[in-house]
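Chain residues, written in single-letter form:
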2 protein chains.
Amino acid sequence: MTHEPLAFGSAIGIVGGGQLGRMLASAAARLGFRTLVLDPDPACPAAQLAGEVIVGAYDSREGLAELGRRTAVVTYEFENVPVEPMRSLARTRDVFPPVEALEVAQDRVVEKAFLNGIGIATAPWRAVDDPAELAHAHLDLGTDTILKTRRLGYDGKGQATIARDASTDGAFESLGAVPAILEGRVPFEREISVIAARSRSGEVVAFDPAENRHGAGILRRSTVPATSPALAAEAMGIADRILEQLGYVGVIGVEFFVAANGRLLVNEIAPRVHNSGHWTEAACCVSQFEQHIRAVAGLPLGSGARHSDCVMENLIGDEVERAPALLAEPDVMLTLYGKAEARPGRKMGHWTRLLPLSRA
Amino acid sequence: MTHEPLAFGSAIGIVGGGQLGRMLASAAARLGFRTLVLDPDPACPAAQLAGEVIVGAYDSREGLAELGRRTAVVTYEFENVPVEPMRSLARTRDVFPPVEALEVAQDRVVEKAFLNGIGIATAPWRAVDDPAELAHAHLDLGTDTILKTRRLGYDGKGQATIARDASTDGAFESLGAVPAILEGRVPFEREISVIAARSRSGEVVAFDPAENRHGAGILRRSTVPATSPALAAEAMGIADRILEQLGYVGVIGVEFFVAANGRLLVNEIAPRVHNSGHWTEAACCVSQFEQHIRAVAGLPLGSGARHSDCVMENLIGDEVERAPALLAEPDVMLTLYGKAEARPGRKMGHWTRLLPLSRA
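This write-up is about the structure you can find in this document. Keep in mind that what you see is a predicted model, and the values were worked out from it rather than measured.

1. Side note on the overall build of chain A
Check the secondary structure of chain A and you find eleven helices and 18 strands. Relative to its length of 360 residues, chain A is compact, with a C-alpha radius of gyration of 20 Å against a globular reference of 21 Å. Referenced to the eigenvectors of the C-alpha coordinate spread, the extents of chain A come out at roughly 60 × 50 × 40 Å. Excluding contacts between residues fewer than 6 apart, the proportion of contacts in chain A whose partners are at least 24 apart in sequence is 63%.

Structure (structure tokens):
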């Protein structure tokens, strides 16, 4: 529990060994750190690049305890790590980002209340715990709405849209009759995200906002630059406030809607490295992965400046077959995740096309 | 023995697990390949990032045979891999760069004869096998000279300079009385290098030349760009001829003297990724490490274009203590090799400062 930087050669623990854990492990190695990954699958994507995989469930007290015992600091690659075991671990070992950020990000109602509470605009929303509340909330919002489970939603799963004049009958049950949130659908021009980092000493650095296109609820493409300098500054300022308020350490992803009137609404926050920040690996001197490792290791943050404009696209499912053709294109950086099986909807890799730097 | 690209997920064997093997393993992983490294030290720098270390001497027939059996293609990180075991291995397994390149690069006399034989200028030289030949050759060259062992020299080891009017007495013995080469000392303005690659299908791509400064025989700094476009094109053309002549596959480092009259003389070739190409990791979309992996895997080569100018410096011995301060500087990319002990003269890492792209 110190602000001293980790000695090079120290071990960093990562909960989760998917592609994000893999890219974190790679960045940690480049800075001379060892990594241990906790994952139920000994052949997880991170296994290739991590020093060792501790095989265990994300919420395994034994696994987390071993991870804490054998490393100097513990971080995680996804926001659905169970809070209680992490809180226990944090009593004896630095855990970054802080467990409070997990709590906020795991529950859409807590998240929205947190954001609104510090003066950050979101879509209008209502907590919904039964079909009657849903019917009432839908009338109350008076627009098309989106019903989402409060917990464990990602990549568009656990969501249902309800047209303004439609009945809400059956919608609550269709998501499993679990605590939910109803959000008013905001007419928005586009979605952007800011990837920002806060160091142990409170320094905040943000990368330029990316414009994101989704398909079937999964990120397809991120484009940088995305906005006017003024809107970029506004979005980066919002990310800064979130980081400060959470006493955050590490990289965060903040997703925004740009409303038709130009107003920024925060859609959600992800207390981790983020798919819409993969472009930083190609277009910045210090990637989001290295930035996260620097932050949790107590090192100075790198600059968020980009040296090139760029477009990043995910390779999902059998799109990975495009890899050889992409390698034949100049100015493309390709990253594959080492996954053997290209199942539909599975993120297999991504690529970033570098473009000359504009000043926009 | 095919020109088909390796399937993603295949294993690549690397002889040697130092920092070059480490950075090759990292690049291979980013393209979805697994790596096996042959090294006598199970805790070698590459161990952290390779799939597995086969513990064995570089010339161990058992080790090389296992490496070949368990991988789809074998490459190496340094040019002093013994030729005969590699030639045996190459009968049953693709070995890139080709063994012929090893033979040329391992013996300074063979190397110079090869270069001169294809019309490429070098410093004047004489093969020297005993003290009498040395005395005669020194008189014959009529300048300051440098006596070098024919084999196993690197980073300035195995060399002795002899002033024009000095006696050669004892010099041959001082290097161990082994077969040697005497080179005329060329008044040169500066040293440059070209890192180039040739694919299995014969495509050649070169990175821009770097200007290199050495200290105590070890590379200290590489600066890009280094030369006029015309001189760059000439140097890249020479690298191209060498690659073609050797039927080369992979990345090569070609070191040049730029003589006072502007003439290019090849100093030596290194059939591997090269310290003076580490800047490509920071300033190019595709690094020399990825370029080498692409070449040996039968994939298309990346562009050699840089997106930024840059200066790369090595961190040698206790210079590694500068790492935290370097991380605090913007536009610096730092790479550490994960070596525990900072012995004098030991390469511990390197860093590259990005600068705005000039067109020079």
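Let's pick the thread back up.
2. Topic: empty space enclosed by the protein
Summed over all chains, the structure comprises three cavities of 30 Å³ or more. By volume, the largest cavity amounts to about 630 Å³. Taken together, the elements giving at least two residues each to the lining of the largest cavity come down to helix 1 (19-30), helix 9 (280-283), helix 10 (288-296) and strand 17 (332-336) of chain A together with helix 1 (19-30), helix 9 (280-283), helix 10 (288-296) and strand 17 (332-336) of chain B. Broken down by element, the lining of the largest cavity gets its largest block of residues, six residues, from helix 1 of chain A. Class assignment of the residues belonging to the lining of the largest cavity gives a composition of 23 nonpolar, nine polar and eight charged.

3. Points about the state of the cysteines
Tallied over the full model, the rule gives zero disulfides over all chains. Here A:Cys285 stays free of any disulfide, with the sulfur of A:Cys284 as its closest cysteine sulfur at 8.6 Å.

4. Remarks on the interface of chain A and chain B
Contacts between the two partners involve 36 residues from chain A, matched on the other side by 36 residues from chain B. Buried area between chain A and chain B, summed over both chains or domains, comes out near 2900 Å², and the portion from carbon and sulfur atoms is 63%. Broken down residue by residue, the surface that chain A buries against chain B is led by A:Arg30, A:Cys285 and A:Leu327, which jointly contribute 23%. Counting across the interface, chain A meets chain B through zero salt bridges. With five residues, strand 17 of chain A is the largest single contributor of residues to the side of chain A that touches chain B. By residue class, the composition of the side of chain A that touches chain B is 21 nonpolar, eight polar and seven charged.

5. Notes on the relation of the copies chain A and chain B
Between the two copies, chain A and chain B, the superposition gives an RMSD of 0.0 Å; the rotation angle is 180 degrees and the shift along the axis is 0.0 Å. Look at the turn and shift together and you get a two-fold axis relating the two. Taking the C-alpha atom as reference, chain A places A:Leu49 closest to the rotation axis, 2.5 Å from it. A shared binding surface is used by both copies, with 100% of the interface residues of chain A retained as interface residues in chain B.

6. Description of the packing of helix 1 of chain A against helix 10 of chain A
Residues and elements named next belong to chain A. At a closest axis distance of 8 Å, the pairing of helix 1 and helix 10 adopts a crossing angle of 65 degrees. The orientation of helix 1 relative to helix 10 falls into the category roughly perpendicular. Our pair here, helix 1 against helix 10, has a crossing hand that is right-handed. In this structure, helix 1 contributes Leu-20, Met-23, Leu-24, Ala-27, Ala-28 and Arg-30 to the contact, and helix 10 contributes Phe-289, Glu-290, His-292 and Ile-293. Its residues assigned to classes, the contact of helix 1 with helix 10 shows seven nonpolar, one polar and two charged.

7. Here's the deal with the sheet that holds strand 4 (residues 73-76) of chain A
Residue and element names in this part refer to chain A. Here five strands make up an open sheet; going across it, the order is 3-2-1-4-5 and the pairing parallel. The open sheet has two edge strands, strand 3 (52-55) and strand 5 (94-95), and neither has a second partner. As judged from the five bridges shared by strand 1 (residues 11-15) and strand 2 (residues 34-39), these two strands associate in the parallel manner. Looking across to strand 2, one finds that Gly-13 is bridged to Leu-36.

8. Notes on the pairing of strand 1 of chain A
Residues and elements named next belong to chain A. By the criterion of burial, strand 1 is predominantly enclosed, with five of the five residues buried. Handedness of the strand 1-helix 1-strand 2 crossover: right-handed. Where strand 1 meets strand 4, four bridges bridge the pair, whose relative direction is parallel. Following the sheet pairing, Gly-13 is matched in strand 4 by Val-74.

9. Remarks on the nonpolar core
Counting 114 residues, the largest nonpolar core has A:Phe33, A:Trp279, A:Leu334, B:Phe33, B:Trp279 and B:Leu334 as the members making the most contacts within it. Not counting the four nearest positions on each side in its chain, B:Phe33 is found in contact with A:Gln48, B:Leu6, B:Ala7, B:Phe8, B:Gly9, B:Ser10, B:Ile12, B:Ala28, B:Ile293, B:Ala297 and B:Leu299.

10. Things to note about the sheet that holds strand 9 (residues 180-184) of chain A
All names here are of chain A. Spatially, the four strands line up as an open sheet ordered 6-9-7-8, and their pairing is antiparallel. Of all strands in the sheet, those with a lone pairing partner are strand 6 (125-128) and strand 8 (159-162), marking the two edges. If you compare each strand with its neighbour and ignore which way they point, the axes differ by 20 degrees on average. In the sheet, strand 7 (residues 145-149) pairs with strand 9 via five bridges, with the strands oriented antiparallel. Each residue of the ladder has a partner; that of Ile-146, found in strand 9, is Glu-183. Of the strands in this sheet, strand 6, strand 7, strand 8 and strand 9 are in contact with helix 5 (residues 108-117), which crosses strand 9 at around 50 degrees. Across the face of the sheet, helix 6 (residues 131-141) comes into contact with strand 6, strand 7, strand 8 and strand 9 while running at roughly 170 degrees to strand 6.

11. Structural notes on the environment of A:Val83
Residue and element names in this part refer to chain A. Structurally, Val-83 is set in helix 3 (residues 83-90). What makes Val-83 buried here is its relative accessible area of 12%. The contact partners of Val-83, leaving out residues within four places of it in the chain, are Val-99, Leu-102, Glu-103 and Gln-106.

12. Examining the pattern of salt bridges
Close approach of charged atoms allows side chains with opposite charge to pair. Residue and element names in this part refer to chain A. Enumeration according to the criterion identifies 46 salt bridges over all chains in this entry. When the shortest N-O distance is used, the salt bridge between Asp-309 and Arg-306 registers 2.9 Å. As far as the burial class goes, Asp-309 and Arg-306 line up, both buried. With its nearest N and O atoms 2.7 Å apart, the salt bridge here joins Arg-353 to Glu-329. Residue Arg-353 is found in strand 18 (residues 347-355), and its partner Glu-329 is found in the loop between helix 11 (323-327) and strand 17; the two are separated by 24 residues along the sequence. Salt bridges sharing common partners tie together Arg-30, Glu-290 and Arg-294.

13. Remarks on the side chain of A:Glu111
All names here are of chain A. For Glu-111, the position within the fold is in helix 5. Summary of buried charges: Glu-111 has no salt-bridge partner, and the nearest side chain of opposite charge, Lys-112, is 4.7 Å away. In this view, Glu-111 contacts Val-104, Ala-105, Asn-267, Glu-268 and Ile-269; residues no more than four positions away in its chain are not counted.

14. Concerning unusual backbone geometry
Residue and element names in this part refer to chain A. The amide bond that connects Val-224 to the next residue, Pro-225, takes the cis arrangement and shows omega of 5 degrees. Tracing the backbone shows Pro-225 in the loop between strand 13 (218-224) and helix 8 (229-246). Its identity is not glycine, yet Asp-331 carries a phi of approximately 65 degrees, on the positive side. Of note, Asp-331 is situated in the loop between helix 11 and strand 17. A relative accessible area of 33% means that Asp-331 is categorised as partly exposed.

What counts and how
Residues numbered from 1 in each chain as written. Chains lettered and ligands numbered in written order. Predicted model: local features only at pLDDT ≥ 70, side-chain atom pairs only at ≥ 80, totals over all residues. Heavy atoms only, no water. Helix = DSSP H or I, 4+ residues; strand = E, 2+ residues; numbered from the N terminus. Rg over C-alpha atoms; globule rule 2.2 N^0.38 Å. Contact = heavy atoms within 4.5 Å. 1 Å grid on protein atoms, 1.4 Å probe; cavity = no way out; pocket = protein on both sides within 12 Å on 5 of 7 lines; lining within 4 Å. Points joined across faces, edges and corners; volume = space filled by probe spheres on them. Nonpolar A, V, L, I, M, F, W, Y, C, P; charged D, E, K, R; others polar. Disulfide = S-S within 2.5 Å. Buried area = accessible area lost by both parts, 1.4 Å probe. Salt bridge = Lys/Arg side-chain N within 4 Å of Asp/Glu carboxyl O. Least-squares fit on C-alpha atoms with pLDDT ≥ 70 in both. Axes fitted to C-alpha atoms, helices over the stretch in contact; angles between N-to-C directions. Parallel < 35°, antiparallel > 145°, perpendicular 65-115°, else oblique. Left-handed = near helix turned anticlockwise from the far one by under 90°. Pairing = 2+ DSSP bridges. Buried < 20%, exposed > 50% of the residue type's maximum accessible area, 1.4 Å probe, protein only. Right-handed = clockwise from strand over helix to strand, strands pointing away. Core = buried A, V, L, I, M, F, W, Y, C linked by side-chain atoms within 4.5 Å. Lys, Arg positive; Asp, Glu negative; His and termini not counted.

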